[in-house]
Amino acid sequence: MALLDVSRLHKKFGGLHAVNDVSFGVEKGAIKAVIGPNGAGKTTLFNLITGALAATSGLVSFNGAPIQNRKPHQIAACGIARTFQNIKLFHDMTALENVMVGRHLRSRAGFLASMLHMPWTLKEERQIREKSMELLALFEIAAYADVEATSLAFGQQRAVEFARALALEPALLLLDEPAAGLNMHETAEIGKLITRIRDLGITVLLVEHDMSLVMDISDEIVVLSFGEKIAEGVPADIQNHHDVIKVYLGE
Amino acid sequence: MSVELFVQYLFAGITYGAIYAIVAIGFNIIYNTTGIINFAQGEFVMLGGMISISLLPFMPLYAAIALAVLLTMLFGAFLEICFIRWLESPGVLRMIIITIGLSILTREAALHLWGESIRSLPYFIGDEITTVAILGARISPQVVWVIAVCGLMVLFLSVFFQTTSVGREMKACAANRRAAILCGINTRNMVTLSFMLSAGIGALAGCVMSPITSSGYDIGTGLAIKGFTVAILGGLGNSMAAVGAGLLLGILEAFSISVVPLAFKDAIAITILLLILFVRPHGLFGSSTAARLKAF
Amino acid sequence: MKKLLPLAALIIVVIVIQKMTGWTDTRFYLTQLTMAAYYALLIVGLCVVMGYAGQISLGHAGFFAIGGYISAALTTINLIAYQDRLVIRMLDGFGLLVAGQDIYGDALLVVAPWAACIAAVVCAGATAWVLGIPVLKLKGHYLAMATLGFGIIIYRIVLASAVFGEADGISEVPPLPLLPGLTVSGDFGTREENYYIAWGMLIIGMILLRNLIDSRVGRALRSIHGSEEAAESTGVNTARFKLKVFVLSAVFAAVAGVFLTHYNGGIGPSEASVMKSVRYVAIVAVGGMAHLWGAMIMGVVLNFLSLRGVFGSYDDAVFGFILIVIMLFAPNGILSLNWRGYFRGLFRRSGNTEETGRAIDGTP
């Protein structure tokens, strides 16, 4: 059974059929990429899976349980984390604090307990802090822990967002254009990072434009065009797929 | 309820409704051009009435009104130039607080200028007991003035925005500021103009309603809230719908007197406001997708 | 330990001020300082909602009024005429009622102050919960208007209801006994006691809120303010958190309302007015939206000045003016301005070498 299963998903914006009858699955432990020309509906697809948008019709299931039309925080609680195309870090919070929010679902301290400074909350805070620092170190940005997140360099901000997503200890990680704005060297680094994440046992679904990255690390690829799935398969097949070539390069 | 009473209430409702609609249109004009909700909108109405009353001893009625409208328009421009123009992409919260502050200062200035007394312009035709017979009810001619003047303002505005080049430029600003700048439109002046226009129509409404409702330093806030309610009811930015929504609110309020105690009459507008915000924030005539897309 | 420094400093300052008013025979200042402390309690609660969770509330005076008015009404409305009704006898059975005599010597049966206090705060909290569910879904102008509308409705209700004294409000509100020996009352004899009660409440409130901000919850709130969409995706139930913090701030406001009402012995409709709500927002804005201490200090200082009548008839105008100036020049509060840089610049210009480590003629 696939970890994530998308079945006959539709999303309409008035007359625009942004996602049209899309179905595919993501196997546990795989790295799957969604590609397609601009406007193909990739980010809309992501938003549908993560609950940021409500589907017009269709099913999304995770570990066999339906998750479409759930709220984003509920979907996060199921074990799905995501990053954003335009990095969305929390303003006025340090890099460390950003990652610590990622531990939100793995901690319990509520309003009353926090206000009264119950001893167990202090211990929990220490654990959250330690785990978050570990993640920052994993991405080699531990030195910037106390810097305000949005003032960091672009690549470092990306790393913070990654760390924050991993802090959720997700089973599935959705990456929205992780290589956007990165140069060739940085893209290769990201590729290595993603494979390392997969080796940790996390399944990855990514949207990406950078073909070298996609062909390099993906186990499987789904191709969208104008909201429809036009191909799905291993990288070698996709590269030689007639419709895919047509959509990117024309006849 | 007798036909006569019904007509009486109806006209009262239409009168107030017309005023609310004008305030709402003032909100819309500024909102359309700048994305700002001008909490000080009600003060323009107040100023129109108060200034014209002060000028009356020195000149004929129509001159006092014209001058009051002009001065209020200048005041609107003053507010925009001093407090709004030089802000760089201010956040929504900041703008809300600034316009609230401006509303308070204007009101307090009015309090210190004119005191707490309530005054009014004289009736344009006849006096407070003159009536004309309309549909069997006795209606004051001032009511006709209010409805006529407000109606003419709405007409003037639609013509202005459709046909004149300035009007079209303002609409362009509202639709897409960047593109308007690229077309060579001086968007900063358009913003000032929108403030002046909103101030002007508010002031004129304030003058023409003064004999019926009286003017005092603090009538602005209540009008602003009702005007905002009407603007939201019709869909923020949609001035044609504001007219309909204004009449609706005015008539609802007028007829509510027969059902709820007078003290709660104002609460009706607010209750409607809250209901609309909770249920259909895009208004009766707006579209929800468009409302969600409007950046906040 | 370093964290406790500001708190310890505050406690010392509070005690010192009280002693000084004793020495300089200015004990009447204590009254305004007590009242200012209660207003500050509302303000720090509002600061958390506006500054940390990023939700504007233009109707917080409404919660203050709900707290004050309900407590006042329950402790002054004479139930003696209904003493045979089942409900009244049940309440009496639970020890919630208090018998006594009014100023004319007639028999009086009212709700016990502590019960009224709890009922009032619970009412305010419940109202905030019910109101918050739909209102907090709104954003920007819509949220501002909705909260403004709420505040006005409360104002209209207290102004128009006979049970709330209409334009005259409620007076003859009895003192509120807290603990054996500690009573909230306006008695001149208990001025020092009440001063410490008020400041004690404020300090406890500050501690609770400070703990909240530095915790997982505080981070979640700030993340909502930082990017609501990202916060949701990270697992923060934004709707729930916004609601809870809104209710918390309403509780703070209501407690302030209850205590101040019993201290003053009464409450009037002006406490529910729009101007009061705007005033509170202005103070939070000045103190710095996300600076709890800034909000507290400004809350105490500005309310104290206002209560002393320093602003005269320009009271409302002053707060309106403050709103505009702060929002124009220092939208993050005056504490966020680069004071250090400004002063350093001053020093440099006057030739002071210590700041820059250079000799006056510029050689290092």
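The text that follows walks through the structure, step by step, so that each part is easy to find. (Residues numbered from 1 in each chain as written. Chains lettered and ligands numbered in written order. Predicted model: local features only at pLDDT ≥ 70, side-chain atom pairs only at ≥ 80, totals over all residues.)

**Considering the overall build of chain A**
And step 1. Looking only at helices and strands, chain A has 10 helices and 10 strands in total.
And step 2. Relative to the 2.2 N^0.38 estimate, which gives 18 Å for 251 residues, the radius of gyration of chain A is 19 Å and therefore close to what a compact globule would have.
And step 3. For the C-alpha atoms alone, the extent of chain A along its principal axes is close to 65 × 40 × 35 Å.
And step 4. Contacts spanning at least 24 positions in sequence make up 66% of the contacts within chain A whose residues lie at least 6 apart. (Helix = DSSP H or I, 4+ residues; strand = E, 2+ residues; numbered from the N terminus. Rg over C-alpha atoms; globule rule 2.2 N^0.38 Å. Contact = placed C-beta atoms within 7 Å.)

**Let's talk about the overall build of chain C**
And step 1. Counting its secondary structure elements, chain C contains 15 helices and four strands.
And step 2. Counting across all 364 residues of chain C, residues that qualify as buried make up 51%.
And step 3. In chain C, 77% of the contacts between residues at least 6 apart in sequence involve partners at least 24 apart. (Buried ≥ 20, exposed ≤ 12 C-beta atoms within 10 Å, placed from the backbone.)

**Quick word on the sheet that holds strand β9 (residues 220–225) of chain A**
Residue and element names in this part refer to chain A.
And step 1. Read from one edge of the open sheet, six strands run β6-β7-β8-β3-β9-β10, paired in mixed fashion. Here the strands that pair on one side only, and so sit at the sheet edges, are β6 (80–82) and β10 (228–233). Ignoring strand direction, the axes of neighbouring strands in this sheet form an average angle of 15°.
And step 2. This element, helix α1 (residues 42–50), spans β3 (31–35), β6, β7 (172–176), β8 (203–207) and β9 of the sheet and lies at about 150° to β7. (Pairing = 2+ DSSP bridges. Axes fitted to C-alpha atoms, helices over the stretch in contact; angles between N-to-C directions.)

**Here's the deal with the nonpolar core**
And step 1. Within the largest apolar cluster, 285 residues are counted, with the highest numbers of intra-cluster contacts made by A21 of chain B together with L41, I43, A254, A256 and V284 of chain C.
And step 2. Excluding residues within four positions of it along the chain, A254 of chain C makes contact with F63, F64, I66, G67, A120, V121 and A124 of chain C. (Core = buried A, V, L, I, M, F, W, Y, C linked by C-beta atoms within 7 Å.)

**Considering helix α12 (residues 292–307) of chain C**
All names here are of chain C.
And step 1. Compared with an ideal rise of 1.5 Å per residue, which puts 16 residues at 22 Å, α12 spans 22 Å between its outermost C-alpha atoms and is within 8% of the ideal.
And step 2. Every buried residue of α12 is accounted for by L292, G294, A295, M296, M298, G299, V300, L302, N303 and S306.
And step 3. Buried residues along α12 sit against α2 (29–52), α7 (191–213), α11 (274–287) and α13 (315–329).
And step 4. Once α12 finishes, G309 follows within two positions and takes phi at roughly 80°, a positive value. (Expected span 1.5 Å × (residues − 1).)

**Overview of the interface of chain A and chain C**
And step 1. Every contact between the two is made by 29 residues of chain A and, on the other side, 23 residues of chain C.
And step 2. Among the residues forming the side of chain A that touches chain C, the class breakdown is 14 nonpolar, 10 polar and five charged. (Nonpolar A, V, L, I, M, F, W, Y, C, P; charged D, E, K, R; others polar.)

**Some words on the pairing of strand β1 (residues 97–101) of chain C**
And step 1. For β1 of chain C, the buried fraction is low: zero of the five residues fall into the buried class.
And step 2. Joining the antiparallel neighbours β1 of chain C and strand β2 (residues 107–111) of chain C is a turn of five residues, in which G105 of chain C adopts a positive phi near 90°.

**So, the environment of A52 of chain A**
And step 1. For A52 of chain A, the location among the structural elements is in the loop between α1 and β4 (57–62).
And step 2. On the neighbour-count criterion, A52 of chain A (18 C-beta atoms within 10 Å) is partly exposed.
And step 3. Setting aside residues no more than four positions away along its own chain, A52 of chain A makes contact with N47 and P72 of chain A together with E229 of chain C.

**Things to note about the sheet that holds strand β1 (residues 4–13) of chain A**
All names here are of chain A.
And step 1. The four strands are arranged β2-β1-β4-β5 in an open sheet whose pairing can be described as antiparallel. The open sheet has two edge strands with one neighbour each: β2 (16–26) and β5 (65–66).
And step 2. Sheet topology note: the β1/β4 ladder contains five bridges and is antiparallel. Bridge assignment links S7 to a residue of β4, and that residue is L59.
And step 3. Packed onto the sheet, α1 meets β1, β2 and β4 and runs at close to 65° relative to β2.

**Some details on the environment of T238 of chain C**
Residue and element names in this part refer to chain C.
And step 1. Counting through the fold element by element, T238 comes out in helix α10 (residues 238–264).
And step 2. The spacing of T238 and H225 is 13 residues in sequence and 9.9 Å in space, taken between C-alpha atoms.
And step 3. Among residues more than four places away in sequence, those in contact with T238 are I224, E228, A231 and E232.

**Quick notes on the packing of helix α5 (residues 141–163) of chain B against helix α6 (residues 165–175) of chain B**
All names here are of chain B.
And step 1. Two elements in contact, α5 and α6, have axes separated by 5 Å at closest approach and are oriented at 80°. By the angle between their axes, α5 is roughly perpendicular relative to α6. On α6, the residues touching F160, F161, Q162 and T163 of α5 are G167, M170 and K171.
And step 2. When grouped by side-chain class, the residues that make up the contact of α5 with α6 number three nonpolar, three polar and one charged. (Parallel < 35°, antiparallel > 145°, perpendicular 65-115°, else oblique.)

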